[in-house]
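Coordinates in review
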Amino acid sequence: MTRAGAGIAGVVGVPWLDKAGAAEPQATNPGAENADLVVFNARVYTVDSRVPKAEAFAVKAGRFVAVGSNADIKGLIAKGTQTFDAMQMTVVPGFVDCHNHAPGNTLLYEVLVGNPYEVEFVTISSIVDKLRAKARETPPGAWVEGFFFDDTKVKDNRPLNVHDLDQVSKDHPVTVHHRGGHTSFYNSKAFELAGINKNTPNLPSGTFDRDASGDLNGRVTDRARDAFNKIGKRPIFTQEQNMQRDRDGLAYISKQFVRYGVTSVHHQGGNLAALQQVRARGELLHRVSYEASGKELDAMIDAGIMTGFGDEWIRFGATSEHTVDGSFSERTMALSAPYPGVMPPYKGNVTETQDELNAWIERVHRAGIQVNSHANGDVAIDMVLKAVERAQRLFPRADARPKITHCTLINDDLLRRIKSLGAMPAAFTSYAYYNSDKFVFYGEELMTRCMAYRSFLDAGIEVAAGSDFPPGPFDPRMAIQGMVTRTGWDGKTWGANQRISVEEALRVNTLNGAYNSHEEGIKGSITPGKLADFVVLSDDPFTMDQAKIKDLQIVRTVVAGSAVFHA
């Protein structure tokens, strides 16, 4: 058995407070502050440049109080101190996901036609069978919906189409939503109810796609999908039922986050009341930067609530992503040049005008709230930068850190302006591994400028990690492997010039994530005074085969000094 294996065998299933798992005090130091927890005999990567590596650390009242050698930290052990011999396993700060839709309800209550967490191929017949089963228990005229579809993870090696979904039902409107969130597929009944036919024109902000004969093929992109929002019957729940579903969903997704070592998540909106209730019940296991939109954002502005209001568990962060263009994974993001090989020429979807974007960013910026815009393509990123530059001229604010979610396709001029504004890209994380099968649609030249972690870091930009779950898995191990290797599940490497080191990838997924939400003073590194959020890994990502980082075992996830997950 390896030392790491011995460590796992020795700690699996043992919570900190289980006396059988607590070592006898090896030293006392009445003159020092006695710790609640001491972790020793570890490979600690602190992500603190002042003390980058250590053997041990101590925790008291939910915060790190000392970091150093085994001999030094064991001096803080006293009667009642919980101890953990890491047996040379690796300890890193808790991972931070700066863009996540946290769809716990979807995972619990909806029909999942794809795997939310891993690379897994499905068949079109399996999708049809799952939706047929749902249709049998659904009243005619009511929607039958499938979620987590991925068009490049289908064994049939052909697109899902309207004819496939017509096999589900001719009495129900049927839709399958791409996990990317910007395209959906519909059956003929849905088009009929929406009044959409092959002669319906496309919109500037979305398309009704057609086959070679000019007939609707079932795929609808971006805001063209709005036509389906008010047709068909949908389940109606009481206010309390909705609250219960939201509580259940949040409690469920929180368990999933910590299972993968994610201790802080930037939530894209959601039921704020349910979130607070989940916390009050002790079921919130991760920390939340709540990113508001709609009525919540309006209420913040009206009440004068600014970014940073809250506490260490739930805090108002940036806004929810304000969408400016389409999707990378679904090939609708707004490009300055046409998509390679697409006829007629297509440059993606811009979802609002520059004037609309200017007005929204100015309003939020003046309110002291960190703006957050969804911009994938170089056209959309340019639009966001123009709007922020304008807002700063009209109302200068120091250290505003405007957030650009995805910020996928860059060039030298965009990099210069991002750096000048102090803007915060939250780029895709797991895509380099999970979505490598989509890079062929862009080609190598574009991929040398996509998910450009190397370019961001070289320009001195504090780029952070945003999984965008559900569009991408939120597993930080998969993310780090992809950032370091730029090699996908299919063994193909794209944009190798954007590779970064393990050390840089760890920082992107921890301290840079904290910086993204103005929280670098309290989290993101194993530093005395910061929140004691950390992860125990079965092996050392700095020394192991980089192509196997995603297979590291999360042995334990700890938040505020308490174990919230153990393998």
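Just so you know, these numbers come straight off a predicted model, no measurement behind them. (Residues numbered from 1 in each chain as written. Predicted model: local features only at pLDDT ≥ 70, side-chain atom pairs only at ≥ 80, totals over all residues. Heavy atoms only, no water.)

Moving on, we get to the overall build of the protein. A count of helical and extended segments in the protein gives 18 helices and 25 strands. Since a compact globule built from 567 residues should have a radius of gyration of about 24 Å, the 24 Å found for the protein is in line with a globular shape. Along the first, second and third principal axes, the C-alpha set of the protein runs to 80 × 55 × 50 Å. Each of the 567 residues in the protein was classed as buried or not, and the buried ones make up 58%. Considering only contacts in the protein between residues 6 or more positions apart, those separated by 24 or more positions represent 73%. Averaged over its 62 positive side-chain charges, the protein has a centre that lies 1 Å from the centre of its 67 negative ones. (Helix = DSSP H or I, 4+ residues; strand = E, 2+ residues; numbered from the N terminus. Rg over C-alpha atoms; globule rule 2.2 N^0.38 Å. Buried < 20%, exposed > 50% of the residue type's maximum accessible area, 1.4 Å probe, protein only. Contact = heavy atoms within 4.5 Å. Lys, Arg positive; Asp, Glu negative; His and termini not counted. Charge placed at Lys NZ, Arg CZ, Asp CG, Glu CD.)

All right, on to the layout of surface pockets then. Roughly 1,100 Å³ of internal volume is contained in the second largest pocket. Considering the residues around the second largest pocket, the lining is formed by 32 residues, among which Asp209, Asn217, Arg219, Arg331 and Val342 are closest to the centre. Elements with a contribution of two residues or more to the lining of the second largest pocket: strand S12 (183–186), strand S13 (208–210) and strand S14 (216–221). Tallied by class, residues from the lining of the second largest pocket come to 14 nonpolar, nine polar and nine charged. (1 Å grid on protein atoms, 1.4 Å probe; cavity = no way out; pocket = protein on both sides within 12 Å on 5 of 7 lines; lining within 4 Å. Points joined across faces, edges and corners; volume = space filled by probe spheres on them. Nonpolar A, V, L, I, M, F, W, Y, C, P; charged D, E, K, R; others polar.)

It is worth spelling out the sheet that holds strand S11 (residues 174–178) at this point. A sheet is described by the order of its strands in space; here six strands give the open sequence S9-S10-S11-S12-S14-S13, paired in mixed fashion. Strand pairing shows two members of the sheet lacking a second neighbour, strand S9 (111–112) and S13, which therefore form its edges. In this sheet, S14 lies alongside S12 in antiparallel orientation, the contact comprising three bridges. If you follow serine 184 over to S14, its bridge partner there is valine 220. (Pairing = 2+ DSSP bridges.)

Here we come to the pairing of strand S5 (residues 63–68). Summarising the sheet, strand S4 (residues 56–60) and S5 pair through five bridges and their orientation is antiparallel. Residue pairing for S5: valine 59 is matched across the bridge by phenylalanine 64. Between the antiparallel neighbours S4 and S5 lie two residues, among them alanine 61 with a positive phi of about 55°.

Take empty space enclosed by the protein next. Vacant regions in the atomic arrangement are exposed by a probe of water-molecule size rolled over the atoms. Here the structure, examined in full by the defined rule, presents eight cavities of 30 Å³ or more. Computed from the structure, the largest cavity encloses a volume of approximately 80 Å³. Contributing to the lining of the largest cavity are Val92, Phe95, Pro476, Arg477, Ile480, Val502, Leu506, Leu537, Pro541, Phe542, Ile549 and Leu552. Elements that contribute at least two residues to the lining of the largest cavity include exactly helix H16 (476–485) and helix H17 (502–508). Among the elements that make up the lining of the largest cavity, the one with the highest residue count is H16 (three residues). In terms of residue class, the lining of the largest cavity is built from 11 nonpolar, no polar and one charged.

Now for the packing of aromatic side chains. In total, this model carries 27 aromatic pairs according to the counting rule given. The interplanar angle of 25° and the centroid separation of 6.4 Å between the aromatic rings of phenylalanine 309 and phenylalanine 316 together place this pair among those described as stacked. Assessed through its relative accessible area of 51%, phenylalanine 309 is described here as exposed. Between the aromatic rings of phenylalanine 469 and phenylalanine 474, the centroid separation amounts to 4.9 Å while the plane-to-plane angle is 80°, which identifies the pairing as edge-to-face. With respect to burial, phenylalanine 469 and phenylalanine 474 carry one shared label: buried. A network of ring pairs unites the aromatic residues Phe328, Tyr339, Tyr346, Phe428, Tyr431, Phe439, Tyr442 and Trp494 as a single cluster. Seen from the ring of tyrosine 434, lysine 153 lies directly overhead, with NZ or CZ sitting 4.1 Å from the centre. Cation over ring: arginine 287 sits above tryptophan 313, and NZ or CZ is 4.5 Å from the ring centre. (Phe/Tyr/Trp six-rings, centres within 6.5 Å; stacked < 30°, edge-to-face > 60°. Lys NZ or Arg CZ within 6 Å of the ring centre and 35° of its normal.)

Residue position: serine 327 is located in the loop between strand S18 (322–323) and helix H10 (354–366). Within the structure, serine 327 has its side chain in polar contact with the backbone nitrogen of serine 329 (distance 3.2 Å). (Polar contact = N/O pair within 3.5 Å; in protein donor to acceptor, adjacent residues only side chain to side chain.)

Since the α-helix advances by 3.6 residues per turn, residues separated by three or four positions end up pointing in the same direction. Within the span of helix H9 (residues 294–303), buried status applies to Leu297, Met300 and Ile301. Angularly, the buried residues of H9 cover 95° about the axis, an arc narrow enough to put them on a single face. Those residues of H9 that are exposed and aimed more than 90 degrees away from the buried face are Lys295, Asp302 and Ala303. Check the buried side of H9 and you find it contacts strand S16 (287–292), strand S17 (314–319) and H10. (Arc of directions from axis to C-beta.)

Looking at the protein, pLDDT values average 94 and 94% of them are 70 or higher. Residue range residues 1–32 is modelled with pLDDT below 50. Its contacts to residues more than four positions away, or to other chains, number 57 contacts. (pLDDT = per-residue confidence, 0-100.)

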